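Next come the chains, spelled out residue by residue.
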Amino acid sequence: MRTIRAALVALGLAGIGYGALGLATQSRPISVGLFAVVAILGHDLLLAPLALLVAVLARRLVPADLYPVVRGGLIVTAAVVLAFLPTVLGFGYRTTNPSALPLNYPLGLAVTLGAVWLVTAALAVLRRAGSRRPAADSSRPHPGAKP
């Protein structure tokens, strides 16, 4: 196990070194640094508090037995929105090359989120239906149990 762990650490350090070399030689380090600072501040000042607020509201508004399902839907929603955001907003592509983003990305986001919440609702219904089944008769021993 130590050998595998050491190999993974070495591989990780090699990847970090390769990335640092590329950062130093092929990009504008000040722009990358500014992006990193903005990303960290955006996460800590906007995304994390928003996620906490949504989690607290969901915990209060959603029944306890459905909360795990709704929480999963919220997590997938956040990931999908973050992945779609650059294409929905266009980020410079639309002005320089209108054919770079030729599809209706807001519609694609809406359809994707609709599918996520349709699956979430179906899982919630299945969870509720499963919790309403009658409990197994505990007076009889399990077929595989030894007397």
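Heads up: the structure comes first, above all this text.
What counts, and where the lines are drawn
- Residues numbered from 1 in each chain as written.
- Predicted model: local features only at pLDDT ≥ 70, side-chain atom pairs only at ≥ 80, totals over all residues.
- Heavy atoms only, no water.
- Helix = DSSP H or I, 4+ residues; strand = E, 2+ residues; numbered from the N terminus.
- Buried < 20%, exposed > 50% of the residue type's maximum accessible area, 1.4 Å probe, protein only.
- Contact = heavy atoms within 4.5 Å.
- Areas by Shrake-Rupley, 256 points an atom, 1.4 Å probe, with all protein chains shown as cover.
- Salt bridge = Lys/Arg side-chain N within 4 Å of Asp/Glu carboxyl O.
- Core = buried A, V, L, I, M, F, W, Y, C linked by side-chain atoms within 4.5 Å.
- 1 Å grid on protein atoms, 1.4 Å probe; cavity = no way out; pocket = protein on both sides within 12 Å on 5 of 7 lines; lining within 4 Å.
- Points joined across faces, edges and corners; volume = space filled by probe spheres on them.
- Nonpolar A, V, L, I, M, F, W, Y, C, P; charged D, E, K, R; others polar.
- Phe/Tyr/Trp six-rings, centres within 6.5 Å; stacked < 30°, edge-to-face > 60°.
- Lys NZ or Arg CZ within 6 Å of the ring centre and 35° of its normal.
- Expected span 1.5 Å × (residues − 1).
- Bend = angle between axes of the 7 residues up to and from the residue.
- Patch = residues over 30% accessible without salt bridge, like charges linked within 9 Å, V, L, I, M, F, W, Y side chains within 5 Å.

With that out of the way, let us pick up the overall build of the protein. Within the protein, the regular secondary structure consists of 5 helices and 0 strands. In the protein, the succession of helices and strands from N to C terminus is α-α-α-α-α. By the burial criterion, 12% of the 147 residues in the protein qualify as buried. Taking as baseline every contact in the protein between residues at least 6 positions apart, the subset at least 24 positions apart corresponds to 56%. Put simply, the protein shows about 11800 Å² of open surface, and 73% of that area lies on carbon and sulfur atoms.

Another point: the pattern of salt bridges. Within this structure, the stated rule accounts for 1 salt bridge. Two residues, Arg128 and Asp65, come together in a salt bridge whose shortest N-O distance is 2.7 Å. Of the two residues, Arg128 sits in helix 5 (residues 105-131) while Asp65 sits in the loop between helix 2 (29-61) and helix 3 (67-89), which places them 63 residues apart along the sequence. On the accessibility criterion, Asp65 (28% relative accessible area) is partly exposed.

Moving on: the nonpolar core. Ala58, Val62, Leu66, Tyr67, Val69, Val70 and Ala124 form the largest nonpolar core, which has 7 residues in total. Counting residues per element, this core draws most heavily on helix 3, at 3 residues. Non-local contacts of Ala58, meaning those with residues more than four positions away in its chain, are made with Tyr67 and Leu74.

A word on the layout of surface pockets. Any space left empty among the atoms is revealed by the rolling of a water-sized probe across them. There is about 430 Å³ of room inside the largest pocket. Considering the residues around the largest pocket, the lining is formed by 14 residues, among which Leu50, Ala51, Val54, Leu74 and Ala78 are closest to the centre. A per-element tally of the lining of the largest pocket places helix 3 first, with 9 residues. Across the lining of the largest pocket, the residue classes break down as 12 nonpolar, 1 polar and 1 charged.

In the structure shown here, the tally under the stated rule is 0 aromatic pairs. Over the ring of Tyr67 we find Arg59; its NZ or CZ atom is 4.0 Å from the centre of that ring.

To continue, consider helix 3. Its 23 residues give helix 3 an end-to-end C-alpha distance of 31 Å, which sits within 8% of 33 Å, the value for a rise of 1.5 Å per residue. At Ala83, helix 3 is deflected by roughly 35°, the largest bend along its length, and proline Pro86 occurs up to four residues later in sequence. Turning to helix 3, its buried residues number three or more, namely Tyr67, Val69, Val70, Gly73, Thr77, Val80 and Phe84.

So, on to helix 2. When the terminal C-alpha atoms of helix 2 are compared, their 46 Å separation across 33 residues agrees well with the 48 Å that a helix rising 1.5 Å per residue should span. Residue His43 marks the point of greatest curvature in helix 2, where the axis turns by about 40°.

On the surface, a cluster of nonpolar side chains totalling about 460 Å² of accessible area is made up of Leu46, Leu47, Leu82, Leu85 and Leu89. Within the residue set of the nonpolar patch, elements represented by two or more residues are helix 2 and helix 3. For the nonpolar patch, the leading source of residues is helix 3, giving 3 residues.

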